[in-house]
Amino acid sequence: MLGLGSGLSSSVFAIQVENQQYSIFLDGTGDSFSTNVDAQTIFSNDFTISAYFRPHDGQPSSAQTLFGVNENNVGADIMRLTLNTDGTLTLLHRSNVDEATTTTDAAVFNDGDSGDFTHIAVSANNQGGGTDSLYKMYVNGALVNSTTLDAMSGTNFSAWNTGGAYIYFGAVNLDGSQPTSLWIGYIDEIGIFTAAKPDAQITSIYNNNSVINLLESSGSYSPTKLKHYYRLNNDL
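Everything numeric here is computed off the predicted structure, so don't read it as measured data.

Asks: It is not clear to me how the overall build of the chain should be interpreted in this structure. Could you clarify?
Replies: For the chain, the helix and strand inventory stands at 3 helices and 17 strands. Looking at the 236 residues of the chain, the share that counts as buried comes to 50%. Considering only intrachain contacts with a sequence separation of at least 6, the fraction spanning at least 24 residues in the chain is 68%.

Asks: Sorry, what's going on with the pattern of salt bridges here?
Replies: Where charged atoms of side chains with opposite charge meet at close range, the side chains can pair. Under the defined criterion, the tally for this structure stands at 3 salt bridges. Here Arg54 ties to Asp113 by a salt bridge, and the two come within 3.1 Å at their closest N and O atoms. Of this pair, Arg54 sits in strand S5 (residues 47–55) while Asp113 sits in the loop between strand S9 (98–104) and strand S10 (118–125), placing them 59 residues apart in sequence. Ionic pairing is found between Arg94 and Glu99, a salt bridge with its closest N-O pair at 2.8 Å.

Asks: Is there a simple way to explain the environment of Asn209 in this structure?
Replies: By secondary structure assignment, the location of Asn209 is in the loop between helix H3 (199–206) and strand S17 (226–230). Once the C-alpha coordinates of Asn209 and Thr118 are considered, the two residues, 91 residues apart in sequence, prove to be 8.5 Å apart.

Asks: Just checking my understanding: could you explain the side chain of His93 for this structure?
Replies: Structurally, the position occupied by His93 is in strand S8 (residues 89–95). We classify His93 as buried; its relative accessible area is 0%. Among the polar contacts listed, one links the side chain of His93 to the side chain of Tyr135, at a separation of 2.7 Å. Filtering out sequence-adjacent residues up to four positions away, His93 remains in contact with Ile78, Met79, Asp98, Glu99, Ala100, Tyr135, Met152, Phe157 and Trp160.

Asks: Before we go on, may I ask you to explain the layout of surface pockets in this structure?
Replies: Think of a ball as big as a water molecule: rolled over the atoms, this probe shows where empty space is left. There is about 180 Å³ of room inside the largest pocket. Within the lining of the largest pocket, the residues separate by chemical class into 5 nonpolar, 6 polar and 3 charged.

Asks: Just checking my understanding: could you explain empty space enclosed by the protein for this structure?
Replies: Counted according to the given criterion, the structure contains 1 cavity of 30 Å³ or more. Considered as a void within the structure, the largest cavity measures approximately 50 Å³ in volume. Along its surface, the largest cavity is lined by Ser50, Tyr52, His119, Glu189, Ile205, Val211, Ile212 and Leu214. Per-class residue counts for the lining of the largest cavity are 5 nonpolar, 2 polar and 1 charged.

Asks: Teacher, can you tell me more about the side chain of Thr102 here?
Replies: Structurally, Thr102 is set in strand S9. With relative accessibility at 1%, the residue Thr102 sits in the buried group. Separated by 2.8 Å, the side chains of Thr102 and Thr148 make a polar contact. Once residues lying within four places of it in the same chain are set aside, the contact partners of Thr102 are Leu89, Thr90, Leu91, Tyr135, Met137, Ser146, Thr147 and Thr148.

Asks: How should I be thinking about unusual backbone geometry in this particular structure?
Replies: For Glu189, which is not glycine, the phi torsion reads 50° and is therefore positive. According to the relative accessible area criterion, Glu189 is buried, its value standing at 6%. Non-glycine residue Lys225 carries a positive phi angle of around 70°. Inspection of the secondary structure assignment puts Lys225 in the loop between H3 and S17.

Reading guide: rules and limits
Residues numbered from 1 in each chain as written. Predicted model: local features only at pLDDT ≥ 70, side-chain atom pairs only at ≥ 80, totals over all residues. Heavy atoms only, no water. Helix = DSSP H or I, 4+ residues; strand = E, 2+ residues; numbered from the N terminus. Buried < 20%, exposed > 50% of the residue type's maximum accessible area, 1.4 Å probe, protein only. Contact = heavy atoms within 4.5 Å. Salt bridge = Lys/Arg side-chain N within 4 Å of Asp/Glu carboxyl O. Polar contact = N/O pair within 3.5 Å; in protein donor to acceptor, adjacent residues only side chain to side chain. 1 Å grid on protein atoms, 1.4 Å probe; cavity = no way out; pocket = protein on both sides within 12 Å on 5 of 7 lines; lining within 4 Å. Points joined across faces, edges and corners; volume = space filled by probe spheres on them. Nonpolar A, V, L, I, M, F, W, Y, C, P; charged D, E, K, R; others polar.

Here it is in structure tokens:
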């Protein structure tokens, strides 16, 4: 498992910021990236996850995980973003025995290695009570069409709990067991927000594939509700 040592951490306005010299490369042989972030603090209400990804194969022979966490028991609460074998992405959200899946209507990645990073962002909006939660997916700053099955109520959304398990990138963190569905490829510029960021802010984060500092306002983007930021210092 890859991790960022405590010597690389600093706190800025209660935001966790971590730096590493290069983007993460995972080869699918047991490595994953633990954020050391308690998933309960992020996924029990509105959130946005933003990062750059470059898969070794955009349409792999078996599904791979961009980020994920779940308790290691039957009927566990789950949050997982998966690259499917056809190049589409699926966000699986299970909470309080309620489940919603959101899948892009078209492939996000082509077969093979494109040689380029792609900016991916996903957001979830807990609209409260019995109202269905709203999920969005973005590719290179643009909202893409997606289909949600069995949308989740706000009440069940708020009940999400994985008992202190950490969010992993490049694998599903099966709390207490070896991570599974390993990513093969690169990951960079991870931002974790406790808000469903508006469309215009996601576009500004992508910034025509020119990386911005998520600690600073830029265009329509505001760092409000940014809780964890892994810069990884790569030019893409």
